[in-house]
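Reading the structure
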Amino acid sequence: MSDTRQRLIVAISGASGSLLGLRLLQLLNQVEGWETHLVLSSAAVLTAKLELNESRETFEALATQVHSNKDIGASIASGSFRTAGMVVIPCSMNTLSGIANGASSNLITRAADVTLKEPRKLVLVTREAPLNVIHLRNMTFATEAGAIIMPPVPSFYLGPCSLDDAVTQMVGRVLDQFDIKVNGMKRWEGTAQEGCKL
């Protein structure tokens, strides 16, 4: 890689939970030595507007480099472009299906396919409930191909006091998969910690 920086591909699909993708980018901006390659689907832009009243520019401003989801010729579409891996956060069932079945119809699914074939770490933060058998089978296919399925499950045992606490903790767990350490992460130490009462 150029200089000493490591690269992480960050894809944001149109699933509910755009705050997860935004928070991941915010946390990565606080970590030295990493560059982020961002891809937003068109549905992700719509969801971010509906859920957060945020525009594409809010997300793009936090990334080192931005790629169009239509640009199949982008650097991240090639295995020769070295990265530490890729995270799709949140990952819609449509995007999961494309990845699980090798349908590289856009840059997100193509970059994920490349990540699996190299092989590099691919984390899919899947967002859907309840799950039908098609969702579950696609998760199995993706896992068998080498992906990590990581639904955004709150760590209630750590006593989050707010949605912000829960989201930050969940995203920190995702970054743990790439050995990226962020400030403020609570960790289980064997005994209950003082939390917030509902």
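Here's a quick rundown of the structure. (Residues numbered from 1 in each chain as written. Predicted model: local features only at pLDDT ≥ 70, side-chain atom pairs only at ≥ 80, totals over all residues. Heavy atoms only, no water.)

1. Things to note about the sheet that holds strand S5 (residues 121-126)
The six strands are arranged S3-S2-S1-S4-S5-S6 in an open sheet whose pairing can be described as parallel. Strands with a single pairing partner mark the edges of an open sheet, and in this sheet they are strand S3 (65-68) and strand S6 (148-149). In terms of strand pairing, strand S2 (residues 34-40) meets S3 through four bridges, oriented parallel. Across the sheet, residue Leu40 finds its bridge partner in S3, namely Ser68. (Pairing = 2+ DSSP bridges. Helix = DSSP H or I, 4+ residues; strand = E, 2+ residues; numbered from the N terminus.)

2. Concerning the environment of Glu51
Position of Glu51 relative to the elements: it lies in helix H2 (residues 42-52). Between the C-alpha atoms of Glu51 and Ser16, which are 35 residues apart in sequence, the distance is 7.9 Å. Residues contacting Glu51, with those up to four places away along its chain left out, are Ser16, Gly17 and Ser18. One polar contact links Glu51 to Ser18, side chain to side chain, over a distance of 3.0 Å. (Contact = heavy atoms within 4.5 Å. Polar contact = N/O pair within 3.5 Å; in protein donor to acceptor, adjacent residues only side chain to side chain.)

3. Some words on the environment of Ala166
Assignment of secondary structure puts Ala166 in helix H7 (residues 163-176). Note on Ala166: relative accessible area 12%, which makes it buried. Along the backbone, Ala166 and Phe156 are 10 residues apart, and their C-alpha atoms lie at a distance of 8.2 Å. (Buried < 20%, exposed > 50% of the residue type's maximum accessible area, 1.4 Å probe, protein only.)

4. Topic: the side chain of Thr115
Along the chain, the position of Thr115 falls in helix H5 (residues 107-117). The buried category is assigned to Thr115, whose relative accessible area is 2%. Beyond its immediate stretch of four places on either side in the chain, Thr115 contacts Ile9, Gly85, Met86, Arg120, Lys121 and Leu122.

5. A few points about the packing of helix H1 (residues 18-28) against H7
At a minimum axis separation of 9 Å, H1 and H7 run at an interaxial angle of 65°. In terms of orientation, H1 and H7 fall into the roughly perpendicular class. Of the two possible hands of crossing, H1 and H7 adopt the one that is right-handed. Between H1 and H7, the residues in contact are Leu19, Leu20, Arg23, Leu24, Leu27 and Leu28 and Leu163, Asp164, Val167, Thr168, Met170, Val171, Gly172, Val174 and Leu175, respectively. Residues that form the contact of H1 with H7 fall into these classes: 11 nonpolar, two polar and two charged. (Axes fitted to C-alpha atoms, helices over the stretch in contact; angles between N-to-C directions. Parallel < 35°, antiparallel > 145°, perpendicular 65-115°, else oblique. Left-handed = near helix turned anticlockwise from the far one by under 90°. Nonpolar A, V, L, I, M, F, W, Y, C, P; charged D, E, K, R; others polar.)

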